[in-house]
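# Survey of secondary and tertiary structure
Given next are the chains, with one letter for each unit.
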Amino acid sequence: MSKSLVLMRDVICVYHPSFASSPDLQKFGLEMPERFNIERLIEETLAAVGPYQFVDEEGYDFTDLSDSKTTTINANTRVGTVSSVKTKIGALRITAYNPFKDAADFFYVSRHDLKYVKSPCYGVNGHKERILFTYSTKGDTYGMFEDYRVDTFKELALAS
């Protein structure tokens, strides 16, 4: 499967108001998830479930100043990378596709904890910051990043 299909199936078709209420849209989304802007739909879905609104401003996506990020765990290195976090001013709501499980995992990093998990990029991107975390297939854990994992998408959307 793919990131797009898993997020469409497990998150968007379940929680996004337009998809959850339309079997035809669900069917189309599941047949051709690559035709959709999955990252934007995740943002809209977080806002539909959470107690904030989607605004898509510089440094944040939601009225509570948090930001949505999606990523994929690299199948070769088992590393997840969340890029472009230097300008974020609030919490991060991270949706990570894990190809080892063919499922999504969810992480909530508070504004206060953001400084502990981000690190500088190097070379040409030396002016940027990112978050790196590693997945272990033994025990289904993410090392130090495990502290930020939440159980469900709904829990991610409601976290504060």
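Everything below is about the structure shown above.
Let us look at the structure shown here.

### A word on the overall build of the protein chain
- A tally of regular secondary structure across the protein chain gives six helices and nine strands.
- The C-alpha radius of gyration computed for the protein chain amounts to 15 Å, which stays within 12% of the reference 15 Å derived for 160 residues, consistent with globular compactness.
- A separation threshold of at least 6 residues defines the contact pool for the protein chain, and within that pool the share at least 24 residues apart is 58%.
- Of the roughly 8,300 Å² of accessible surface on the protein chain, a fraction of 49% belongs to carbon and sulfur atoms.
- Where the 19 positive side-chain charges of the protein chain centre and where its 22 negative ones centre are 5 Å apart.

### Looking at the environment of Lys27
- Relative to the assigned elements, Lys27 resides in helix H3 (residues 23–31).
- Distance from Lys27 to Arg9, taken between C-alpha atoms, is 9.8 Å for residues 18 residues apart in sequence.

### So, the side chain of Lys3
- Note that Lys3 resides in helix H1 (residues 3–15).
- A distance of 3.4 Å separates a polar atom in the side chain of Lys3 from a polar atom in the side chain of Glu39.
- Apart from residues lying up to four places away in sequence, Lys3 is in contact with Glu39, Thr70, Thr71, Thr72 and Tyr97.

### A few points about the side chain of Glu43
- Tracing the chain through its elements places Glu43 in helix H4 (residues 38–49).
- For the buried residue Glu43, which engages in no salt bridge, the nearest side chain bearing the opposite charge is Arg40, 4.5 Å off.
- When neighbours within four sequence positions are excluded, Glu43 is seen to be in contact with Phe54, Asp61, Phe62 and Ser68.

Rules and cut-offs
- Residues numbered from 1 in each chain as written.
- Predicted model: local features only at pLDDT ≥ 70, side-chain atom pairs only at ≥ 80, totals over all residues.
- Heavy atoms only, no water.
- Helix = DSSP H or I, 4+ residues; strand = E, 2+ residues; numbered from the N terminus.
- Rg over C-alpha atoms; globule rule 2.2 N^0.38 Å.
- Contact = heavy atoms within 4.5 Å.
- Areas by Shrake-Rupley, 256 points an atom, 1.4 Å probe, with all protein chains shown as cover.
- Lys, Arg positive; Asp, Glu negative; His and termini not counted.
- Charge placed at Lys NZ, Arg CZ, Asp CG, Glu CD.
- Polar contact = N/O pair within 3.5 Å; in protein donor to acceptor, adjacent residues only side chain to side chain.
- Buried < 20%, exposed > 50% of the residue type's maximum accessible area, 1.4 Å probe, protein only.
- Salt bridge = Lys/Arg side-chain N within 4 Å of Asp/Glu carboxyl O.

Read these as layout, nothing more, since geometry by itself doesn't imply function.
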